Amino acid sequence: MLRSLLIKNYALIEEVTVTFDRGLSIITGETGAGKSILLDALGLALGERASADFIRKEAEKAIVEAEFDLSKVARVKKFVEAQGFDCDSDTLVIRREINRKGTSRSFINDTPATLQAIAAVGELLVDLHGQHEHQSLLKPERHVVFLDEYADTAARIAEFAKYYDEFAALKRQYAALSSDRENSDRERSFLEFQLQEIDAVDPKPNEDQAVTLELERLEHSEELQLTASQLHGLLYEDEDSIFERLSAAKTLLERLYKFDPSFATQLEELQGSLESTRELAIALGRYGESIESDPNRLEELRQRELLLTRLKKKYGPTLSEVINLRTKLQDQLAGGGNAEEQLAHLSEQLRSVQTRATRSAIALRDARAHAAKKFAKAIVAELVTLGLEHASFVVEQTHERATGSDEFASCVILDGTCHQATRQGIDHIEFFVSTNKGESPKPLVKVASGGEVSRIMLAIKTALSASEQIPVLIFDEIDTGISGRVAQRVGTAMKRLARKHQIIAITHLGQIAAFGDYHYAVEKQTKSGSTISSLRLLTAAEHEAEIARLLAGEKVTGESLNAARSLVKEAEVLAA
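Report follows, based on the coordinates. (Residues numbered from 1 in each chain as written. Predicted model: local features only at pLDDT ≥ 70, side-chain atom pairs only at ≥ 80, totals over all residues. Heavy atoms only, no water.)

## Notes on the environment of Leu128
Item 1. Topologically, Leu128 is positioned in strand β8 (residues 126–129).
Item 2. Spatially, the C-alpha atoms of Leu128 and Asp476 are 7.9 Å apart, while their sequence positions differ by 348 residues. (Helix = DSSP H or I, 4+ residues; strand = E, 2+ residues; numbered from the N terminus.)

## Side note on the pattern of salt bridges
Item 1. All chains considered together, the criterion is met by 34 salt bridges.
Item 2. Among the salt bridges present, the one from Arg95 reaches Glu65, with a minimum N-O distance of 3.8 Å. Here the residue Arg95 occupies a position in strand β5 (residues 91–99), and Glu65 occupies one in strand β4 (residues 61–69), the gap between them amounting to 30 residues.
Item 3. Taking relative accessible area as the criterion, Arg95 reaches 15% and is therefore assigned buried.
Item 4. Glu65 gets classed as partly exposed once you look at its relative accessible area, which sits at 23%.
Item 5. Between Glu570 and Arg485 there is a salt bridge whose closest N-O contact spans 2.6 Å. Of this pair, Glu570 sits in helix α20 (residues 558–575) while Arg485 is found in helix α17 (residues 484–497), placing the two residues 85 residues apart along the sequence.
Item 6. Taking relative accessible area as the criterion, Glu570 reaches 29% and is therefore assigned partly exposed.
Item 7. By relative accessible area, Arg485 is classed as exposed at 55%.
Item 8. Taken together, the shared-partner salt bridges connect Lys61, Glu65, Arg95, Glu97, Arg105 and Asp110 into one network. (Salt bridge = Lys/Arg side-chain N within 4 Å of Asp/Glu carboxyl O. Buried < 20%, exposed > 50% of the residue type's maximum accessible area, 1.4 Å probe, protein only.)

## Things to note about empty space enclosed by the protein
Item 1. Per the stated rule, a full pass over the model turns up one cavity of 30 Å³ or more.
Item 2. Size it by volume and the largest cavity reaches roughly 60 Å³.
Item 3. Every element with two or more residues in the lining of the largest cavity is listed here: β1 (2–10) and α1 (35–45).
Item 4. For the lining of the largest cavity, the element with the most residues is α1, which contributes three residues.
Item 5. When grouped by side-chain class, the residues that make up the lining of the largest cavity number eight nonpolar, no polar and no charged. (1 Å grid on protein atoms, 1.4 Å probe; cavity = no way out; pocket = protein on both sides within 12 Å on 5 of 7 lines; lining within 4 Å. Points joined across faces, edges and corners; volume = space filled by probe spheres on them. Nonpolar A, V, L, I, M, F, W, Y, C, P; charged D, E, K, R; others polar.)

## Comments concerning the nonpolar core
Item 1. Counting 54 residues, the largest nonpolar core has Phe375, Phe393 and Phe431 as the members making the most contacts within it.
Item 2. Of all the elements, helix α16 (residues 450–464) adds the most residues to this core, at eight residues.
Item 3. With residues up to four places along the chain from it excluded, the contact list for Phe393 reads Phe375, Ala376, Ile379, Val380, Phe431, Phe432, Val433, Leu444 and Ile456.
Item 4. If you look at the next biggest cluster of nonpolar residues, it comprises 49 residues, including Leu92, Leu124, Ile474 and Ile504. (Core = buried A, V, L, I, M, F, W, Y, C linked by side-chain atoms within 4.5 Å. Contact = heavy atoms within 4.5 Å.)

## What about a nonpolar patch on the surface?
Item 1. Taken together, the side chains of Leu231, Leu234 and Ile242 make up a nonpolar region of the molecular surface, amounting to roughly 230 Å² of accessible area.
Item 2. Checked against the element boundaries, Leu231 lands in helix α9 (residues 221–237). (Patch = residues over 30% accessible without salt bridge, like charges linked within 9 Å, V, L, I, M, F, W, Y side chains within 5 Å. Areas by Shrake-Rupley, 256 points an atom, 1.4 Å probe, with all protein chains shown as cover.)

## A look at the sheet that holds strand β9 (residues 392–398)
Pairing between the strands of a sheet is mediated by backbone hydrogen bonds and can be parallel or antiparallel.
Item 1. Spatially, three strands are ordered β9-β12-β13 in an open sheet, and the strand pairing comes out antiparallel. Strands with a single pairing partner mark the edges of an open sheet, and in this sheet they are β9 and β13 (442–443).
Item 2. The pairing of strand β12 (residues 428–434) with β13 spans two bridges and is antiparallel. Among the inter-strand pairings, Val433 is bridged to a residue of β13, identified as Lys442.
Item 3. With respect to the sheet, helix α5 (residues 143–151) is in contact with β9 and β12, its orientation differing from that of β12 by roughly 95°. (Pairing = 2+ DSSP bridges. Axes fitted to C-alpha atoms, helices over the stretch in contact; angles between N-to-C directions.)

## Topic: a negative patch on the surface
Item 1. On the surface, Glu237, Asp238, Glu239 and Glu244 cluster together to form a negatively charged patch.
Item 2. Tracing the chain through its elements places Glu244 in helix α10 (residues 242–259). (Lys, Arg positive; Asp, Glu negative; His and termini not counted. Charge placed at Lys NZ, Arg CZ, Asp CG, Glu CD.)

## A few points about the layout of surface pockets
Item 1. Taken as a whole, the second largest pocket spans an internal volume of roughly 410 Å³.
Item 2. Around the second largest pocket sit 25 residues that line it, and Gln420, Ala421, Thr422, Gly425 and Ile426 are the ones nearest its centre.
Item 3. At the level of secondary structure, the elements contributing two or more residues to the lining of the second largest pocket comprise α6 (154–182) and β12.
Item 4. Broken down by element, the residue count for the lining of the second largest pocket peaks at four residues, all from α6.
Item 5. Taken together, the residues that form the lining of the second largest pocket break down as 11 nonpolar, nine polar and five charged.

## Points about the packing of α9 against helix α11 (residues 264–290)
Item 1. Where α9 contacts α11, the axes come no closer than 8 Å and their chain directions differ by 155°. Here α9 lies roughly antiparallel to α11, going by the angle between them. Regarding α9 and α11, the two cross each other, and that crossing is left-handed. Here Leu224, Gln225, Ala228, Leu231, His232, Leu235 and Tyr236 of α9 come into contact with α11, specifically with Thr277, Arg278, Leu280, Ala281, Ile282, Leu284, Gly285, Tyr287 and Gly288.
Item 2. Among the residues forming the contact of α9 with α11, the class breakdown is 10 nonpolar, five polar and one charged. (Parallel < 35°, antiparallel > 145°, perpendicular 65-115°, else oblique. Left-handed = near helix turned anticlockwise from the far one by under 90°.)

## Concerning unusual backbone geometry
Item 1. Omega for the bond connecting Gly316 with Pro317 falls within 30 degrees of zero, at 20°, which places this linkage in the cis form.
Item 2. Relative to the assigned elements, Pro317 resides in the loop between α12 (295–315) and α13 (319–335).
Item 3. Its identity is not glycine, yet Asp202 carries a phi of approximately 55°, on the positive side.
Item 4. Structurally, Asp202 is set in the loop between α7 (184–201) and α8 (207–219).
Item 5. Within the chain, Asn206 stands out as a residue other than glycine whose phi angle is a positive 65°.
Item 6. Structurally, Asn206 is set in the loop between α7 and α8.

This is how it looks when you write it as structure tokens:
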């Protein structure tokens, strides 16, 4: 669960730390006080886009830190550890820092983390539903996601995706080989030309580096010879050379040693220097004698370098890539003669994968169909409790034939015909709904009002609560478009959902706020000419007063307080 949230210098918030507990936490406040800022900040901590615009104008950086208790979500702890982050205790701390340059730093348990890593962990911890999330219900392509969560089809989807990918890879090979066969003469001639061009030069591994080094040596042979000779003379041959000076120094040091044996180490070191100097001088002399000016070899190397450079420009950019291409061309040309056999073998493999993929797709289809009936029944039951007594809900499952007459147009064949497929299977899922008695269900995207969409989303979340493994659910104004008794039913549903999940809900309705196990108020004040938002946990009396304010407006009367107390008591009875 979410234990605490620290927000510092973010939007209207100067600094606030709020602690949460299990159950249903309600957040209320005046319009513009900063209720949604809290959820925006949490979203930032969980990997949402960062911007310097979020930072308060008086500050240099904004900080958001979320602390989670993983004691009841071992799978999340294992995932965090698998990503390379320490998680010895049951505490997970995610922190984001944004500076004025618009860049951000992210940490998981004080270890630097990528935004992708934080987002991946966040997806396992928090499910945040605002008006934007409600809109996902209005996108038919998202409906299969909800059904799959309910049906727990992740393993079946993974199995089908494996076959789908295998089929796609084989089909690419088949298409490439078919194309090669159709254009075999032209293609083979081109491949042979490339191979001949490389063979004509016959490059060796790292030859370009060796040629460059030898070329450098030959082009500067006179300078190298002169420098080696000068060094040899300076070290050994010249009058007053380093060797002679060291010899003289040795003679003097031997005198010291004669009367003071403590110079034994220094004398030994000086003797070593003499030997090293002589060896170096001898090596330089031999080097200088070995260098010869060879115009023919120089020209030969220049021509070789030119040939290698041309090859790299055309087939490189490195010589190793040219050599690898040479091997590949040889293999392609060697295998070109048995294209028919290869195509026949690939066809056999494709049909084999089609058989397995079709079997997997059918199993996935049937699992969804079986779950769809239970899912629809569960949604209707929830919608009835949420005030839509005449609601009907249908999960439509359809499939489409693949375009084209190619026997390998798809990895799935039903009734002898290829059907369209994605990595998620062959099913197109769409929700149909009717909220009025006597009306036949129509596509949800066309008939549901804002308030109905909110209730349908809550119904789905309630239906998924048994299988959904995300521990924290957050609802931002799920009460949009509802009021009165319907709001009370929504509160009851969220209270029941809070038995299995930690629920945090922003609301402006007293009927929903009355169900809160904890009630937080967002308050706005002016400090030093700046607007600041704060959040505090209300006492039981303040909880009732805030509900009264939601019911009656700014002026809380004795009548509105009595109404608030009645709502709280009624909520206790309904949630029992």
